Amino acid sequence: MPVVSKHSERLRKFKNKGKDAAALRRQRVEVNIELRKAKKDEQILKRRSISFSLMDESLSLGEEKRNEVIQLSLEEIVEAVNGSNTELQLQATQATRRMLSRQKDPPINQILELGIIPRLVEFLTHADNAPLQFEAAWALTNIASGTSDHTKAVVEGGAIPAFISLLSSQHMHISEQSVWALGNIAGDGPLYRDALINCNVIPPLLALVSPVTPVGFLRNITWTLSNLCRNKNPYPPLDAVKKVLPVLICLMEHEDKDIISDSCWAVSYLTDGSNDRIQIVVDTGILPRLVELMASPELIIMTPALRAIGNVVTGTDEQTQAAIDAGVLAVLPCLLRHAKPTVQKEAAWTLSNIAAGPCQQIQQLITSGLLPPLVELLDKGDFKAQKEAVWAVANFTTGGTVEQVVELVQSGVLKPLLNLLLAKDSKTILVILDTISNLFLAAEKLGETERLCLLVEELGGLEKIEALQTHDNNMVYRAALSIIEKYFSGEENPDLQPGTGQDGLYDFSVEKQDFNF
Amino acid sequence: MELSDANLQTLTEYLKKTLDPDPAIRRPAEKFLESVEGSQNYPLLLLTLLEKSQENVIKVCASVTFKNYIKRNWRIVEDEPNKICESDRIAIKANIVPLMLSSPEQIQKQLSDAISIIGREDFPQKWPDLLTEMVNRFQSGDFHVINGVLRTAHSLFKRYRHEFKSNELWTEIKLVLDAFALPLTNLFKATIELCSTHANDASALKVLFSSLILIAKLFYSLNFQDLPEFFEDNMETWMTNFHSLLTLDNKLLQTDDEEEAGLLELLKSQICDNAALYAQKYDEEFQPYLPRFVTAIWNLLVTTGQEVKYDLLVSNAIQFLASVCERPHYKHLFEDQNTLTSICEKVIVPNMEFRAADEEAFEDNSEEYIRRDLEGSDIDTRRRAACDLVRGLCKFFEGPVTGIFSGYVNSMLQEYAKNPSVNWKHKDAAIYLVTSLASKAQTQKHGITQANELVNLTEFFVNHIQPDLKSASVNEFPVLKADGIKYIMIFRNQVPKEQLLVSIPLLINHLQAESIVVHTYAAHALERLFTMRGTNNTTLITAAEMAPFVEVLLTNLFKALTLPGSSENEYIMKAIMRSFSLLQESIIPYIPSVITQLTQKLLAVSKNPSKPHFNHYMFESICLSIRITCKANPDAVGSFEEALFLVFTEILQNDVQEFIPYVFQVMSLLLEMHKNEIPSSYMALFPHLLQPVLWERTGNIPPLVRLLQAYLERGANTIASAAADKIPGLLGVFQKLIASKANDHQGFYLLNSIIEHMPPESVDQYRKQIFILLFQRLQNSKTTKFIKSFLVFINLYCIKYGALALQEIFDSIQPKMFGMVLEKIIIPEIQKVSGQVEKKICAVGITKILTECPPMMDTEYTKLWTPLLQALIGLFELPEDDTIPDEEHFIDIEDTPGYQTAFSQLAFAGKKEHDPVGQMVNNPRIHLAQSLHKLSTACPGRVPSMLSTSLNAEALQYLQGYLQAASVTLL
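- An unreviewed UniProt entry annotates chain B as Exportin-2 originating from Aptenodytes patagonicus.
- Regarding chain B, the relevant UniProt record gives this comment under Sequence similarities (unreviewed entry): "Belongs to the XPO2/CSE1 family."

- The name an unreviewed UniProt entry assigns to chain A is Importin subunit alpha-5, from the organism Aptenodytes patagonicus.
- Its UniProt record gives chain A the following Sequence similarities (unreviewed entry) comment, quoted word for word: "Belongs to the importin alpha family."

### Looking at the packing of aromatic side chains
Residue and element names in this part refer to chain B.
(1) Moving on: Applying the stated criterion across every chain, the model contains 50 aromatic pairs over all chains.
(2) Moving on: A ring pair is formed by Phe-461 and Tyr-487, whose centres lie 6.2 Å apart and whose planes are at 10 degrees; its orientation type is stacked. Residue Phe-461 is located in helix α23 (residues 457-470), and its partner Tyr-487 is located in helix α24 (residues 478-490); the two are separated by 26 residues in the primary sequence.
(3) Moving on: Here the aromatic rings of Phe-686 and Tyr-711 are separated by 5.4 Å at their centres, their planes lie at 35 degrees, and the arrangement is tilted. With Phe-686 in helix α34 (residues 680-689) and Tyr-711 in helix α36 (residues 701-722), this residue pair connects regions lying 25 residues apart in the sequence.
(4) Moving on: For Phe-686, a relative accessible area of 1% corresponds to the buried category.

### Let's talk about empty space enclosed by the protein
Residue and element names in this part refer to chain B.
(1) Moving on: All told, the structure shown has six cavities of 30 Å³ or more when counted by the stated rule.
(2) Moving on: Considering only enclosed or pocket space, the largest cavity measures out at about 90 Å³ in volume.
(3) Moving on: At the level of secondary structure, the elements contributing two or more residues to the lining of the largest cavity comprise α20 (366-375), α22 (420-438) and α24.
(4) Moving on: In the lining of the largest cavity, the residues fall into four nonpolar, one polar and four charged.

### Here's the deal with the UniProt feature "domain: Importin N-terminal" (unreviewed entry) in chain B
(1) Moving on: In the numbering used here, UniProt assigns the "domain: Importin N-terminal" (unreviewed entry) feature to residues 29-102 of chain B.
(2) Moving on: A distance of 29 Å separates the end C-alpha atoms of residues 29-102 of chain B, which is 73% helix and 0% strand.

### Focus: unusual backbone geometry
(1) Moving on: For the bond from Asn233(A) to Pro234(A), the omega torsion is -5 degrees, close enough to zero to count as cis.
(2) Moving on: By secondary structure assignment, the location of Pro234(A) is in the loop between α13 (215-229) and α14 (238-251).
(3) Moving on: Omega for the bond connecting Phe123(B) with Pro124(B) falls within 30 degrees of zero, at 0 degrees, which places this linkage in the cis form.
(4) Moving on: Along the chain, Pro124(B) turns up in the loop between α6 (105-122) and α7 (130-137).
(5) Moving on: Backbone geometry places Asn231(A), a non-glycine residue, at a positive phi of 80 degrees.
(6) Moving on: Along the chain, Asn231(A) falls in the loop between α13 and α14.
(7) Moving on: Within the secondary structure layout, Asn233(A) lies in the loop between α13 and α14.
(8) Moving on: By relative accessible area, Asn233(A) is classed as exposed at 68%.

### Some remarks on the pattern of salt bridges
(1) Moving on: This model, assessed by the stated rule, comprises 55 salt bridges over all chains.
(2) Moving on: Via salt bridges that share partners, Arg36(A), Asp226(B) and Glu285(B) belong to a single interconnected network.

### Digging into the UniProt feature "repeat: ARM" (unreviewed entry) in chain A
Residue and element names in this part refer to chain A.
(1) Moving on: Mapped onto the present numbering, the UniProt feature "repeat: ARM" (unreviewed entry) falls on residues 115-158, 158-186 and 285-327.
(2) Moving on: Overall, residues 158-186 shows 79% helix and 0% strand. The separation of its end C-alpha atoms is 14 Å.
(3) Moving on: Here residues 285-327 is 72% helix and 0% strand, with 13 Å between the C-alpha atoms at its ends.

Definitions and limits used
Residues numbered from 1 in each chain as written. Chains lettered and ligands numbered in written order. Predicted model: local features only at pLDDT ≥ 70, side-chain atom pairs only at ≥ 80, totals over all residues. Heavy atoms only, no water. UniProt positions renumbered as here; feature names shortened; annotations may be inferred. Phe/Tyr/Trp six-rings, centres within 6.5 Å; stacked < 30°, edge-to-face > 60°. Helix = DSSP H or I, 4+ residues; strand = E, 2+ residues; numbered from the N terminus. Buried < 20%, exposed > 50% of the residue type's maximum accessible area, 1.4 Å probe, protein only. 1 Å grid on protein atoms, 1.4 Å probe; cavity = no way out; pocket = protein on both sides within 12 Å on 5 of 7 lines; lining within 4 Å. Points joined across faces, edges and corners; volume = space filled by probe spheres on them. Nonpolar A, V, L, I, M, F, W, Y, C, P; charged D, E, K, R; others polar. Salt bridge = Lys/Arg side-chain N within 4 Å of Asp/Glu carboxyl O.

This is how it looks when you write it as structure tokens:
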């Protein structure tokens, strides 16, 4: 019946329209609200320097070696710090630092309440007393490693300029401690990060990087640099990024895995943004190295590298192509099959964004053998990864050619996809239903609608879609209903036509008017 | 309204009246309440009454009225007035929670609903203290109060289970978690402790278990979107307690009721859901707990009885195991042979047994039984869950599971053999087990499509199914007969054809069984077998193979319709239809008897049509009888008319709406069978077909248009000569249809037939009006569909009356009209025309305009000549333009005044596609080339110059191809 085909044609247009927006590349959705525990595999924002007795010895530079560890009460500390006896100042500062460095429950709040922070900051400027500078820097580092309020107290005590000038201290251990402290301040968030950048932290920091810098020190610098690249709203200023990036690229070639890891994290932050931010990273030509690192057996390297590449492919088709040219498709199968669910999930997310590209990229995805691991993941992956895999399939069916969609179906995607209609997540269900509609559109073009109907029924999909007609979510039930009505409403296609009839009289007459089309 | 005693008194009286059974008293009271509900204080008066009224009935009535009032008015709709004044809103929110908690249960439920409606709008921003207020009540120690809070919380939070993730939603959930998660956990622990303190106090336990159920439900809602940090940190507490509750039993909580699930079952069932949620979504975190839950749930299954009240629990529990056993990293939990055996023996087999409740349904509620068993609406049943578990286990353990079950099947069959009349249920279970073990994928259309290769289906069929069906009595062990027939039905693609052929007489025989399920299954099985495809797209079972059984098949099918309970059995009627279609001319000898029986049936059911499918297949069967018979003997059409017209007249006279569209289709079919001039009996009916009342019903329109087309095809001359006065009425129908966006294409079908078949002089006087009407529609509300039909029509007109006539009639309506239509409609829109015949009509019509219309060559229309040619070449070569303007996405359903009787198209009354230019033009491209050639001969030089000036290169290339193919050149 012409009307019916007409109708479905319209619906098809309409649905496609709606879908374009839904199936666009998905940025890393930074939900401001998290219900979950903070992710375990994220990079650490702030770090406290914990003293082990051995390290303590070696770092304490002789002087107090003969003294037994001196126990001071909080009152004594306040008095000594505020007093003018440098010996006592050192003792008190050291005692403070010790308390803040103990492994369990450092008394940051209590120290804060003593009001000695401005004084500790002042000690940083005592260039004639390196031990005091060092102990104060350490203590302040540990205070800054606490909550935002703790960091704030340190910053408001005037620590930023003091630490920045200590970067150029002739004592390497003081300079290193300052790098650490600045890292903690930068890690607090975009506000302090930019405060540091505005105080020109970057040039002296970068000046510390040299072929002779000891690895431990270099680790600290890299970590602090990564915190300077971190956080959005707003992003770090462009010129700062441009200064840091070349150094990061070098650090990424280092042999130390922590240094590589943190520089990858830094790049992952820089790519976690708008397309022009991504472009700056792409332009450095670092993508092949990142892809190489994605294949690293070290989890701490692979995780941020995968993340960075995942971010790149949220960008334009050209940026995505750059990642493809760098070989990302060859590495993904292995990551999709990784034992760790979060890796599977990130890899699937990356794949979903590549699948959102033009059909040429989809073709590369097929040729690189991504369909079998995708189907496996959909079938047996962790739920978080399955959700991303569903998106990948949805995007594939939206942008792929009919032939590509056929290939997808032939690779066995339908069964696990239909099984996931039982997922306890409305959005996933909706995306699957949309995908099924896409599959039917392709089948219609091939005249294979009936075969697809049978396949869906055979694989237990029909009864699941039928059951979704009673789903509590409106959009889900409507999507299910529309599929049932269009493709499964039985042999007798009811032709639902609307009635008319205001006039009622069928006398054949008409008044002429002027026509102008 | 003031909060005064007087007003309370008035309100009480009106509320009382709303309960009156007499509508004359009730309605005005309801009206009154509606009229005052906009007044300030009205809701507060209701709240006062539900709290303080002396009469309980008024309290309840006030609470229901209050809830409905909230439902109707609380939401603030943009651009609409706020229907509840702010001070009332504040007062309601301040009082409703304590009021709800102190009310008796009946009123508490209403208020709890009201709170959740308000909460949906106001919570959390506009009702910030709701949560604290609720949480504070946890400390009350009064479980009546606590359950009120929990119930309200459940209705507020349950939407977290189905809504999409969003920042807004998650902000709310986070807020709820911060305030609610810890108190809920503490309450959970405290309640469990109280359960052991009160282990011997039945009434206390009931209240406490109601709390636990609500707590478990809240757990599900709060954990649905993602795993909250709090619950991850407290997983030990929750899961340990859930686990121990799963294993808990207390005699005091067991109920005597066999049907209704008790508190213990409800709680355990919810815990299964909670565990399944964690297993599916938070596998990584839940892994350490999962094995314990598998064991507990499996033990639970082993110890739970067969009563109906446990069904939900059992199917939930089995589904949990089914979903876990498919996951590769839990494979090891099931791997052990003893485990597998025990699951098979103690979980699967017992739940596959045919229970008393099934037996009852089989006998007394066969329709429901068939629906569940045949059409798969058995999703929540135990048998189904057990089947799913079998399939789940087979994913990794197909061999061992098949092995274990083979043993069971054999021993059950042996039990049966020992004493069939006592042990027939064992055989039923054995068949069910084989079926569920063997079927891996299934569709309604083809039965099982993928089978377990380890099961020898044919052997089982020959040894255990056929003997039952061969037994002398068709009425013995009806359940086993039904099982056997179902076996044939679903494994029809696995069992070899020769076995199917052996089964056919057995199935035919069972059409006589008294049991509704048995004869229905027999009919259905035959119908399915007859639709199986063999090689070369023919049916697997041929008419020749069926020859020996034709008579007994038809006899038994029609006899089955006389069995009690099956007089309108759609499966039987469908089998009749399918048999006719398969047997074709071998049914001719039986037609007289068949058609008598069908018309009798038709007459009987037309009194009160109630089974749409049955009716549909009945009309299909009638159509088939007509087609098959008249194909062999065209003159037989008269005897069909004789047999049917009496009933048809009755249906039309009694206005049996469901059947009228079918009657028109059958009549169309009959009329089309006539080779000669239209019989007078049809002509007598003609004026009646134009009656507006028929056309007002949507469902009538397609078949009536079809019927009128048949009239025009066969009787145009008769209409012109004998019913000329009816032509305006006929065109009136066209006008009516064209006025509607939904039906305009039907109007065009009619118009096309009029133009094609009516003698030109008979419609001469109306032609101009027809076009004015079409132009009007084009001007006022053009749609893509209308334009497509319009284009086909004007080109058909052009073919029939000539291009010059088309130009003249257009320009006589308005100067330059022809040019405007060419420029604004034909050239830009022609690409949208779809359908092969439609495209061909347009191509031939446009060719005529290009080559047989002088004004195109020597007036200002000449400038349109090349663009028109270009458009025609586009029609030939470019893909169809299926774009539709944006605004058109939204017409159709929304604009229609509501669905009416649906039109049910009969497949076997189908109309052949009609190509009005078929004979005249074979290949429209060649035709274009030849016509251009002719034109160029008439005016040498003109055509090539027009082509060279403005036809684009690509189009020119195509055109040259046509000229070459036609072996002509342009002069």
